[in-house]
Amino acid sequence: MQLNFIPIKTRIVNPPKDEIWDILDNLSIVDGDIIFITSKILAIHQGRCVPVVGADKKELIKQEATYYLPYESDKGFHVNLTITNNILIPAAGIDESNANEHYILWPKNVDDLCAEIRKYLMQKNNIKRLGVVSTDSHTTPLRWGVTGITIGLAGVNPLEDIRGKSDIFGRTMKLTQVNKIDPLTAMATLISGEADERVPIVILRGYEGIEFSENASMENFNIPLEVDIYRPLLEVLK
């Protein structure tokens, strides 16, 4: 199966507020595409930006986080670990890079925003199958470097449930569900880049390995903390 990721270079999207409908209007999309959009330009689109001057970042993080744990290392750095929108993320996802002296928060109601963009593009391009995914960079415990993670979506089912299927030795799978969207998000984020590339949108074309669904959302995806296998580690954030 060939995956065709198409990077879309755009104009600069400027904080504190800069709607991106003109960028979306210029996209060339076809039925069956999945559009990956960085959370940063979605946040700027909504005006979710706070000037650095006069702002208290720690208070912003507390405001945005569901669970919050400040940490100061004996190595000389400090970080605020949070769970925000059911995602383990430093600083509630608040970012200062490519922000022109602003703190950029995560977009609000990300699934709804993805659904709004999806509906707009489907009507404009007269197509029936389209996925829209919001991405962000994410650190992995015990690993250097950042990868991409999904923070919101519409139109594509993030999971493939293979419970009840057999492995190569005939053993019935009892627990396994395959995360189909985050690996694609990671590739799209890699293509987008982290510095001055100006590629906040990546289109995946021709991929038939995922189910398009009108009702898909992060609710299909998220595990409540109470039943997560990492609960013993995450409980300290509560």
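The text that follows walks through the structure, step by step, so that each part is easy to find.

Rules behind the numbers
- Residues numbered from 1 in each chain as written.
- Predicted model: local features only at pLDDT ≥ 70, side-chain atom pairs only at ≥ 80, totals over all residues.
- Heavy atoms only, no water.
- Buried < 20%, exposed > 50% of the residue type's maximum accessible area, 1.4 Å probe, protein only.
- Helix = DSSP H or I, 4+ residues; strand = E, 2+ residues; numbered from the N terminus.
- Arc of directions from axis to C-beta.
- Contact = heavy atoms within 4.5 Å.
- Polar contact = N/O pair within 3.5 Å; in protein donor to acceptor, adjacent residues only side chain to side chain.
- Core = buried A, V, L, I, M, F, W, Y, C linked by side-chain atoms within 4.5 Å.
- Pairing = 2+ DSSP bridges.
- Axes fitted to C-alpha atoms, helices over the stretch in contact; angles between N-to-C directions.

### Considerations on helix α3 (residues 57-64)
Here α3 has its buried residues at Leu60, Ile61 and Glu64. Seen from one end, α3 has its buried residues packed into an arc of 100°, which puts them on one side. Residues of α3 that are buried sit in contact with β3 (49-51), β4 (67-72), β5 (78-84) and β7 (102-104). Near the N-terminus of α3, the side chain that reaches the backbone nitrogen of Lys58, with its oxygen 3.1 Å away, is that of Asp56.

### A look at the nonpolar core
Membership of the largest hydrophobic core comes to 33 residues, with the highest contact counts inside it found for Ile35, Ile37 and Ile201. For this core, the secondary structure elements donating two or more residues are α1 (21-25), β2 (33-38), α2 (39-46), β6 (87-90), α4 (110-125), β8 (130-139), β9 (146-154) and β12 (201-205). Discounting chain neighbours no more than four positions away, the residues touching Ile35 are Leu27, Ile29, Leu121, Leu130, Gly131, Val132, Val133, Ile201, Val202 and Ile203. Of all hydrophobic cores here, the second largest spans 19 residues; its members include Phe36, Val133, Ala188 and Phe212.

### Things to note about the side chain of Asn80
Turning to its location among the elements, Asn80 is positioned in strand β5. Only 2.9 Å separates the side chain of Asn80 from the side chain of Tyr68, close enough to count as a polar contact. Residues in contact with Asn80, not counting those within four places in the same chain, are Lys58, Ile61, Tyr68, Leu69, Pro70, Ile89, Pro90 and Ala91.

### Remarks on the sheet that holds β2
The mixed open sheet is built from five strands, whose spatial order is β1-β12-β2-β8-β9. Two strands in the sheet have a free side with no partner beyond their single neighbour: β1 (4-8) and β9. Ignoring which end each strand starts from, the neighbouring axes of this sheet average 30° apart. Across the sheet, α2 is in contact with β2, β8, β9 and β12; its angle to β2 comes to roughly 70°.

### Some points on the pairing of β9
Of all nine residues that make up β9, seven are buried, and the element is covered over most of its length. In the sheet, β8 pairs with β9 via eight bridges, with the strands oriented antiparallel. Bridge pairing in β9 places Ser137 opposite Gly148. Connecting β8 to the next strand, β9, in antiparallel fashion are six residues, including Leu142 with a positive phi near 70°.

### Some thoughts on the pairing of β12
A large share of β12 lies buried, amounting to four of its five residues. Note that β1 and β12 share five bridges and pair antiparallel. Paired with Phe5 across the two strands is Leu204, which belongs to β12. Judged from the four bridges that link them, β2 and β12 form a sheet pairing that is antiparallel. When the bridges of β12 are listed, Phe36 appears paired with Val202.

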